[in-house]
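# Structural characterization, general
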Amino acid sequence: MSRAEDDPQSDTIETTRPLLSAERLKAFEDAVVAIAMTLLILPLLENVSEFAGEHKTALDFVQTENKQLFSFALSFVIIAVFWMNHHRVFDRVEKATNALVWLQVGWMFTIVWLPVSTAMLGSMDNSDAMQKRLYIGALLASSLLMLATRLYLRGHPELHHIAPDSLRRGLIAEIVMSSLFAIALLIAVVVPVIGYFSMFLLLLSGPAQAIVARAWRAR
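Residues numbered from 1 in each chain as written. Predicted model: local features only at pLDDT ≥ 70, side-chain atom pairs only at ≥ 80, totals over all residues. Heavy atoms only, no water.

## Let's talk about the overall build of the protein chain
On a plain count of helices and strands, the protein chain comes out with 10 helices and two strands. Traced from its N-terminal end to its C-terminal end, the protein chain shows the element sequence α-α-β-α-α-α-α-β-α-α-α-α. Counting all 219 residues of the protein chain, 38% fall into the buried class. Summed over all atoms, the accessible surface of the protein chain reaches about 12,600 Å², with 66% contributed by carbon and sulfur. (Helix = DSSP H or I, 4+ residues; strand = E, 2+ residues; numbered from the N terminus. Buried < 20%, exposed > 50% of the residue type's maximum accessible area, 1.4 Å probe, protein only. Areas by Shrake-Rupley, 256 points an atom, 1.4 Å probe, with all protein chains shown as cover.)

Given below as structure tokens:
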């Protein structure tokens, strides 16, 4: 008699068993983030070769490519912040279900897309509204996927050892960030002259989180 026949619960156990260990998932995501951050610099490296071939100076490069340098630095910092946020969430996650894995695949997609939208930001006409939709929209999608991840973990406490208070604070942070990204995207599209400066709304994240937290406790 087979093992499955000996144990009638074996099929149930097999279907509910996590597809990946959390450690493997976290290692994979760290690698994806590292590659995405590295890809941000490639357009600048290509331009350095062109300037060298034309015997131009480093000052010429900085003055000519200031827009590209700004977009590189901005996206590098944003991806770093997203990774730190992700690390705080997954530090105490021990198991990964199929649904959790696919949520993270979606999140990685938004991270990998950022080098492409960053290259557009640094080299194309800023008056193009589609650029702003693709760039800020990717940031919004990334934030929403992390919000969905936190909600999923909140509903599946068997996957992690995150304290309820920590989960609540994280949910508030993601709700606020997603809302600010959505507002920034709306402003950037409706008022093109403001463009990417609408992202300065993110500076309101701290005060907004405090207000939402007080309202949450008052319920």
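Text resumes after the structure shown.
## Some points on the layout of surface pockets
Rolling a probe over the atoms, with the probe sized like a water molecule, indicates the empty space that remains. A volume near 1,000 Å³ is recorded for the largest pocket. In this structure, the largest pocket is lined by 42 residues; those nearest its centre are I78, V81, M177, F181 and L202. Listing elements by their share of the lining of the largest pocket, those giving two or more residues are helix 6 (66-90), helix 7 (98-123), helix 8 (129-155) and helix 9 (164-190). It is helix 6 that provides the largest number of residues to the lining of the largest pocket, a total of 10 residues. Its residues placed into classes, the lining of the largest pocket shows 25 nonpolar, nine polar and eight charged. (1 Å grid on protein atoms, 1.4 Å probe; cavity = no way out; pocket = protein on both sides within 12 Å on 5 of 7 lines; lining within 4 Å. Points joined across faces, edges and corners; volume = space filled by probe spheres on them. Nonpolar A, V, L, I, M, F, W, Y, C, P; charged D, E, K, R; others polar.)

## Looking at the packing of aromatic side chains
Within the structure shown, the criterion is met by two aromatic pairs. Relative to F76, the ring of F72 lies with its centre 5.8 Å away and its plane at 50°, an arrangement referred to as tilted. One end of the pair is F72 and the other is F76, both in helix 6 and four residues apart, which spans about a single turn. Relative to F181, the ring of F82 has its centre 6.2 Å away and its plane inclined at 75°; by these criteria the two rings are edge-to-face. Highlighted residues: F82 in helix 6 and F181 in helix 9, separated in sequence by 99 residues. By relative accessible area, F181 is classed as buried at 2%. (Phe/Tyr/Trp six-rings, centres within 6.5 Å; stacked < 30°, edge-to-face > 60°.)

## Here we look at the nonpolar core
Ranked by internal contacts, the top residues of the largest apolar core, which has 42 residues, are I79, L100, Y135 and L139. Only helix 3 (22-39), helix 4 (42-53), helix 6, helix 7, helix 8 and helix 9 provide two or more residues apiece to this core. Among the nonpolar cores identified, the runner-up in size contains seven residues, and L147, L171, I172 and A213 belong to it. (Core = buried A, V, L, I, M, F, W, Y, C linked by side-chain atoms within 4.5 Å.)

## Focus: the packing of helix 3 against helix 6
Across the interface, helix 3 lies against helix 6 with an axial gap of 10 Å and an inter-helix angle of 175°. Relative to helix 6, the element helix 3 lies roughly antiparallel. Here L25, K26, E29, D30, V33, A36 and M37 of helix 3 come into contact with helix 6, specifically with F76, I79, A80, W83, H86 and F90. Of the residues assigned to the contact of helix 3 with helix 6, the class counts are nine nonpolar, one polar and three charged. (Axes fitted to C-alpha atoms, helices over the stretch in contact; angles between N-to-C directions. Parallel < 35°, antiparallel > 145°, perpendicular 65-115°, else oblique. Contact = heavy atoms within 4.5 Å.)

## Focus: the pattern of salt bridges
Tallying each qualifying case throughout the model produces two salt bridges. Its salt-bridge partner being E23, residue K26 comes within 3.0 Å of it at the nearest N-O pair. Separated by three residues within a single helix, K26 and E23 lie in helix 3, roughly one turn from each other. Since its relative accessible area comes to 14%, K26 is described here as buried. Between R150 and E174 there is a salt bridge, and its shortest N-O distance comes to 3.4 Å. Taken together, the positions of R150 in helix 8 and E174 in helix 9 put the pair 24 residues apart, joining distant regions of the chain. On the basis of relative accessible area, E174 is assigned to the buried category, the value being 4%. (Salt bridge = Lys/Arg side-chain N within 4 Å of Asp/Glu carboxyl O.)

Geometric values such as these leave the question of function open.
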